[in-house]
Amino acid sequence: MPCFRCGARQTDPAGGASPWKRGVRADHQVLVCPLCQTAHDWTADLDRCEDCGSTALLCRLGEVECRDCGHTREAVREPADGDRPLVHSGGPSSDTALAEEVAAALSRVLRRGVAG
């Protein structure tokens with residue numbers, strides 16, 4: 001899943017917890033890359049809990065749950081306003097770049113499988 005602000009693809013951390021943050025936007029789970037976390041008020045574009053106002057939301061199995069207060073509601077999958085895209089346009093994400101990433105990952109995995 002790419003960063004919803006810039007379109008960067010998530011990579012696995014070398015060790016420890018991932019620096020990427022999760023949130024909910026238009027009742028869809030989204031990720032925010034470390035660069036966008038520092039360059040923008042990344043929580044301003046996220047949905048907020050109806051009870052406590054927190055942006056610490058999770059979207060799973062058709063429900064949105066607040067990690068701070070525990071409030072749960074049904075997820076509505078269509079954005080309330082048409083001009084709120086889930087992923088901002090203009091980022092480095094493209095079908096070609098994704099295809100190249102997948103090809104490189106497959107190549108690494110298949111080489112390991114043959115040698116291992």
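None of these values were measured; they are calculated from a predicted model. (Residues numbered from 1 in each chain as written. Predicted model: local features only at pLDDT ≥ 70, side-chain atom pairs only at ≥ 80, totals over all residues. Heavy atoms only, no water.)

Caption draft 1: Looking closely at the nonpolar core. Counting residues in each nonpolar core, the largest one holds eleven residues, listed as Cys3, Phe4, Cys6, Trp20, Val30, Leu31, Val32, Cys33, Cys36, Trp42 and Leu46. Top element by residues in this core is strand β2 (residues 28-32). It accounts for three residues. Counting seven residues, the second largest nonpolar core, distinct from the first, contains Val24, Leu57, Cys66 and Ala75. (Core = buried A, V, L, I, M, F, W, Y, C linked by side-chain atoms within 4.5 Å. Buried < 20%, exposed > 50% of the residue type's maximum accessible area, 1.4 Å probe, protein only. Helix = DSSP H or I, 4+ residues; strand = E, 2+ residues; numbered from the N terminus.)

Caption draft 2: Structural detail: unusual backbone geometry. Positioned with a positive phi, Ala26 is a non-glycine residue whose angle comes to about 55°. Note on placement: Ala26 falls in the loop between β1 (21-25) and β2. Backbone geometry at Asp27 places phi at a positive 60°, although glycine is not the residue there. Structurally, Asp27 is set in the loop between β1 and β2.

Caption draft 3: Looking closely at the pairing of strand β4 (residues 63-66). Residue alternation in β4 divides its side chains into a buried set, Val64 and Cys66, and an unburied set, Glu63 and Glu65. Pairing between strand β3 (residues 57-60) and β4: four bridges, direction antiparallel. Residue pairing for β4: Arg60 is matched across the bridge by Glu63. As paired strands, β4 and strand β5 (residues 72-74) are joined by three bridges and run antiparallel to one another. Within the sheet, the bridge partner assigned to Glu63 lies in β5 and is Glu74. Linking β4 to β5, which pair antiparallel, is a turn of five residues; within it Gly70 sits at a positive phi near 85°. (Pairing = 2+ DSSP bridges.)

Caption draft 4: Spotlight on the sheet that holds β4. One open sheet holds the three strands; their spatial order is β3-β4-β5, and the pairing between them is antiparallel. Because the sheet does not close on itself, it has two edges, and the strands there are β3 and β5. Taken pair by pair, the neighbouring strands of this sheet meet at an average axis angle of 20°, ignoring direction. (Axes fitted to C-alpha atoms, helices over the stretch in contact; angles between N-to-C directions.)

Caption draft 5: Examining the environment of Arg60 more closely. Mapped onto the elements of the fold, Arg60 is located in strand β3. The exposure class assigned to Arg60 is partly exposed, which follows from its relative accessible area of 44%. The sequence separation of Arg60 and His28 amounts to 32 residues, and the corresponding C-alpha distance is 8.7 Å. A distance of 2.4 Å separates polar atoms of two side chains, one belonging to Arg60 and the other to Glu65. (Polar contact = N/O pair within 3.5 Å; in protein donor to acceptor, adjacent residues only side chain to side chain.)

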